[in-house]
Amino acid sequence: MSDASTLDPWRTELRAMLQLAAPLALANLLWMAIGTTDVIFVAMLGQEPLAASSLAVTQYMLISWALTGLTGAVAPLVAAELGRKRHAVREVRRSVRMALWLAVGTGLLGVMLCSWGEGFMRLTGQDPEISRNAGAFLDIIKWAIPAMVISSVQRTFVSALNRPLLATGITAAAIVINALGNWVLIFGHLGMPAMGLEGSALASVITAFAMVGAYALVIACDRRLSRYRLLGNWWRPEWQRLRDLVRIGLPIACIIIAEGGFFSSAAYLMGRIGAAQLAAHTVALQIAALAFQVPFGVGQAATIRVGYHFGAGDREGVRLAGKAALWTAFAFSFVGASVMMLFPHQVLSLYVDAADPANAQLITLSVRYLAVAALFQMFDGVQAVGAGALRGLQDTRMPMGIALFGYWVPGFGLSLGLGLFTPLGGLGVWIGLAVGLVVVAILLLHRWRRRAELGLLPA
């Protein structure tokens, strides 16, 4: 029988991990629902507007996620400060202030990058009319980027202060705001002009700024959060903290670009293989991405919990936090993989009419791709938690190298070779995706296990 004194720290850490990870994972799932809402409304306009918005949103989201990764470095910094001193009000305020500075500056940079969206699409050989509509869509939705990055910093702050349910509630409210905005602005209800596709973009901008306002309101009204006075002395620079944010966050942004580019490139490969393969790939990847949101939330929680123990100089706490995160992610990934493997047709029927004979080839291909997705679910969960735990130790440069190598050398190399030069076709592309994730997961887990000898732990 295990000694209760040995089990208590483990149970305590596991409970803390679950209490933090559950609302973060739910918020991630709700965030995906916002994108689904956009697709539902834009699809009512027809295939060409949907294609244009899809192209624009791909570019917009890649830039937005990269910038939230850059400013996401505030998570391990705040967690470490709270670990060193439970009521580190001044230190936390300074870190969040600099993260907000960075969010505004890089958000405006993201706006500039999106301004060249139409030209970039034309360079990639997209249809001129679709590129024009996508460019017009980007010219509006790009203004949501600064708000997206700012709200990401706010979300990190409330989560690190053990208020993750606030993030869940605000994201749920954003779904309602976004749906109402789409309904009013796309079709011209409630006396507003019908803006069509551009109305959906404007709805996204309104939703993004509404989230910033909602976070500001709950932070001001919450007794514990308001003590930090995040906008106090907002003009005062803290250059060393800004450098720390960039030092930790820039590799995180590169990891996001590497992974996002890896999966986006797979879609281009599928497009060269065939329209049916591309459609099946899109559906299967949407399902895999939905399942990934739970381990992704666990990885976010791991950054905070590991960072807290790192700041406190608690090596055993670091070990327990990493262990709790890995087991939690593995368990949920196993459930997701089992559902994909055992009930693929039922899962696909949520997205496609499986009974329609016209979708027979789409269903057949999607089932094959889902089988591969089921096999790599556990590895996908491990790489998400491994990266998150290492971020808690403020270790991001080597994980960046691991991601660049794993996704683009064995991963994309196999997707390209097996997909275009063997009879495997689309299945070969998915095998490459799986291999890339497996390699990254193994290397990150190996680095996590060697954290002591690599000097990553506090002295």
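A.B. asks: Sorry if this is basic, but what is going on with the packing of aromatic side chains here?
C.D. replies: Any pair of aromatic rings gets described here by the distance separating the centres and the angle formed by the planes. With the rule as written, the count across this model stands at 12 aromatic pairs. A ring pair is formed by Trp101 and Trp239, whose centres lie 6.1 Å apart and whose planes are at 75 degrees; its orientation type is edge-to-face. One end of the pair, Trp101, is in helix H4 (residues 89–114); the other, Trp239, is in helix H11 (residues 239–273), and 138 residues separate them in sequence. What makes Trp101 partly exposed here is its relative accessible area of 30%. Note on Trp239: relative accessible area 49%, which makes it partly exposed. Judged by centre distance (6.3 Å) and plane angle (65 degrees), the ring pair of Phe262 and Trp408 falls under edge-to-face.

A.B. asks: How should the side chain of Asn178 be read in this particular structure?
C.D. replies: With respect to the helices and strands, the residue Asn178 is situated in helix H8 (residues 164–187). Apart from the residues within four sequence positions on either side, Asn178 is in contact with Ile34, Thr37, Asp38, Ala203, Ser204 and Thr207.

A.B. asks: Help me understand the confidence of the model for the protein in this model?
C.D. replies: Atomic detail in the predicted coordinates should be set aside for any region of low pLDDT. This prediction gives the protein a mean pLDDT of 89; 98% of its residues lie at or above 70. Below pLDDT 50 for its whole length, residues 1–5 participates in 1 contact with residues either more than four positions away or in separate chains.

A.B. asks: Could you clarify how one ought to interpret the pattern of salt bridges in this entry?
C.D. replies: Pairs can form between side chains of opposite charge once their charged atoms are near each other. A full pass over the atoms with the stated rule returns 11 salt bridges. Where Glu13 meets Arg305, a salt bridge forms, and the shortest distance between an N and an O atom there is 2.9 Å. Residue Glu13 is found in helix H1 (residues 4–43), and its partner Arg305 is found in helix H12 (residues 275–312); the two are separated by 292 residues along the sequence. For Glu13, a relative accessible area of 4% translates into the label buried. Between Arg247 and Asp244 there is a salt bridge; the shortest N-O distance is 3.6 Å.

A.B. asks: What am I meant to see in the environment of Ala374 here?
C.D. replies: Note on placement: Ala374 falls in helix H15 (residues 360–392). Residue classification places Ala374 among the buried residues on the basis of a relative accessible area of 3%. Those residues within four positions of Ala374 in sequence are excluded, and the remaining contacts are Ala337, Met340 and Met341.

A.B. asks: Help me understand a nonpolar patch on the surface, please; the structure alone is not making it clear to me.
C.D. replies: A cluster of nonpolar side chains, contributed by Trp327, Phe330, Phe334, Val335, Val339, Met341, Leu342, Phe343 and Leu375, occupies part of the molecular surface with about 930 Å² of accessible area. Here the nonpolar patch takes 7 residues from helix H13 (residues 315–342), the largest share from any one element.

A.B. asks: In this structure, what is going on with unusual backbone geometry? I would like to understand it.
C.D. replies: Excluding glycine, residues mostly have negative phi values, and the peptide bonds linking residues are mostly trans. Unusually for a residue other than glycine, Asn162 sits at a positive phi of about 60 degrees. Locating Asn162 in the fold gives a position in the loop between helix H7 (145–160) and H8. Phi angles above zero are rare outside glycine, and Leu190 is one such case at about 55 degrees. Its place among the elements puts Leu190 in the loop between H8 and helix H9 (197–221).

A.B. asks: Explain the packing of helix H3 (residues 74–84) against H12 to me, please; I cannot follow it from the model alone.
C.D. replies: Helix packing geometry: the angle between the two helix axes and the distance between the axes. Between H3 and H12, the shortest axis-to-axis distance is 6 Å and the interhelical angle comes to 45 degrees. With respect to H12, the axis of H3 lies oblique. Considering the relative orientation of H3 and H12, their crossing is right-handed. Side by side, H3 and H12 meet where Ala75, Pro76, Ala79, Ala80, Leu82, Gly83 and Arg84 of the first sit next to Thr303, Ile304, Gly307, Tyr308, Phe310, Gly311 and Ala312 of the second. Tallied by class, residues from the contact of H3 with H12 come to 9 nonpolar, 4 polar and 1 charged.

A.B. asks: How do you make sense of the packing of H4 against H7 when you look at a structure like this?
C.D. replies: It is the contact of H4 with H7, at a shortest axis distance of 7 Å, that shows an interaxial angle of 155 degrees. Overall, the two elements H4 and H7 adopt an arrangement that is roughly antiparallel. For the pair H4 and H7, the crossing hand works out as right-handed. Residues Val92, Val96, Ala99, Leu100, Ala103, Val104, Thr106, Gly107, Leu108, Gly110, Val111 and Cys114 of H4 form the contact with H7, whose participating residues are Ile145, Pro146, Val149, Ile150, Val153 and Phe157. Taken together, the residues of the contact of H4 with H7 sort by class into 15 nonpolar, 3 polar and no charged.

A.B. asks: What is the right way to look at the nonpolar core in this model?
C.D. replies: In a soluble, globular protein the nonpolar side chains are often hidden away together inside. One finds Leu393, Trp430 and Trp448 to be the most contacted residues of the largest nonpolar core, which totals 68 residues. Top element by residues in this core is H15. It accounts for 15 residues. Once residues within four sequence positions are removed from consideration, Trp448 is found in contact with Val306, Val318, Gly322, Leu326, Ala389, Leu390 and Leu393. Residues Trp31, Leu77, Ile141 and Val158 belong to the second largest nonpolar core, which totals 65 residues.

A.B. asks: Help me understand the side chain of Arg391 in this model?
C.D. replies: Residue position: Arg391 is located in helix H15. In this structure Arg391 is buried but unpaired, with Glu259 as the nearest side chain of opposite charge at 6.8 Å. Every residue in contact with Arg391, bar those within four places of it in the chain, is listed here: Pro76, Ile252, Ile255, Thr303 and Thr396.

A.B. asks: Explain the state of the cysteines here, please?
C.D. replies: For the coordinates displayed, the defined rule picks out 0 disulfides. This cysteine, Cys114, is not joined by any disulfide, and Cys254 carries the nearest cysteine sulfur, 18 Å off. A relative accessible area of 1% places Cys114 in the buried class. Of the residues examined, Cys254 reaches a relative accessible area of 30% and is grouped as partly exposed.

Parameters and conventions
- Residues numbered from 1 in each chain as written.
- Predicted model: local features only at pLDDT ≥ 70, side-chain atom pairs only at ≥ 80, totals over all residues.
- Heavy atoms only, no water.
- Phe/Tyr/Trp six-rings, centres within 6.5 Å; stacked < 30°, edge-to-face > 60°.
- Helix = DSSP H or I, 4+ residues; strand = E, 2+ residues; numbered from the N terminus.
- Buried < 20%, exposed > 50% of the residue type's maximum accessible area, 1.4 Å probe, protein only.
- Contact = heavy atoms within 4.5 Å.
- pLDDT = per-residue confidence, 0-100.
- Salt bridge = Lys/Arg side-chain N within 4 Å of Asp/Glu carboxyl O.
- Patch = residues over 30% accessible without salt bridge, like charges linked within 9 Å, V, L, I, M, F, W, Y side chains within 5 Å.
- Areas by Shrake-Rupley, 256 points an atom, 1.4 Å probe, with all protein chains shown as cover.
- Axes fitted to C-alpha atoms, helices over the stretch in contact; angles between N-to-C directions.
- Parallel < 35°, antiparallel > 145°, perpendicular 65-115°, else oblique.
- Left-handed = near helix turned anticlockwise from the far one by under 90°.
- Nonpolar A, V, L, I, M, F, W, Y, C, P; charged D, E, K, R; others polar.
- Core = buried A, V, L, I, M, F, W, Y, C linked by side-chain atoms within 4.5 Å.
- Lys, Arg positive; Asp, Glu negative; His and termini not counted.
- Disulfide = S-S within 2.5 Å.

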